[in-house]
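Observations on the model geometry
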Amino acid sequence: MQWGLTQRELSALLGISESALSLCETQVRQPTVNLILGIEVVFGQSARKAFPALYAQTERNTLRRAAAF
């Protein structure tokens, strides 16, 4: 909404269905790498900013595995 795009328009730009986009927006489904990169291209925002919860979870998991080394 902030960018003036409907869900239909955004899903078309990203090459996914509206239902797939909705599932990602509600965090029922994790976004694919292509979706994350597409969001970066469309909105000019990093994955960290666009998907803060997913980024934080990935960061925690990666750092926990790194600590095991």
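Higher on the page you've got the structure.
This structure is a prediction, so every number in the text was calculated from the model and none was measured. Each residue is numbered by its place in its chain's sequence as written, counting from 1. Given that this is a predicted model, residues contribute local features only at a pLDDT of at least 70 and side-chain atom pairs are listed and counted only at 80 or more, while totals for whole chains, interfaces and linings are drawn from all residues. Side-chain measures here rest on the full set of heavy atoms in the structure, leaving out hydrogens and waters.

**Brief notes about the environment of Gln30**
Secondary structure follows DSSP: runs of H or I at least 4 residues long count as helices, runs of E at least 2 residues long count as strands, and numbering of each begins at the N terminus. Mapped onto the fold, Gln30 is located in the loop between helix H2 (18–25) and helix H3 (33–43). What makes Gln30 exposed here is its relative accessible area of 52%. Measuring from C-alpha to C-alpha, the distance between Gln30 and Leu54 comes to 8.0 Å, with 24 residues separating the pair along the chain. Partly exposed describes any residue whose relative accessible area lies between the buried limit of under 20% and the exposed limit of over 50%, with all areas from a 1.4 Å probe on protein chains only and scaled to the type maximum.

**Quick look at the environment of Val28**
Within the secondary structure, Val28 is located in the loop between H2 and H3. Judged by relative accessible area, Val28 falls into the exposed class, the value being 61%. When the C-alpha atoms of Val28 and Leu14 are compared, they prove to be 18 Å apart, with 14 residues separating the residues in sequence.

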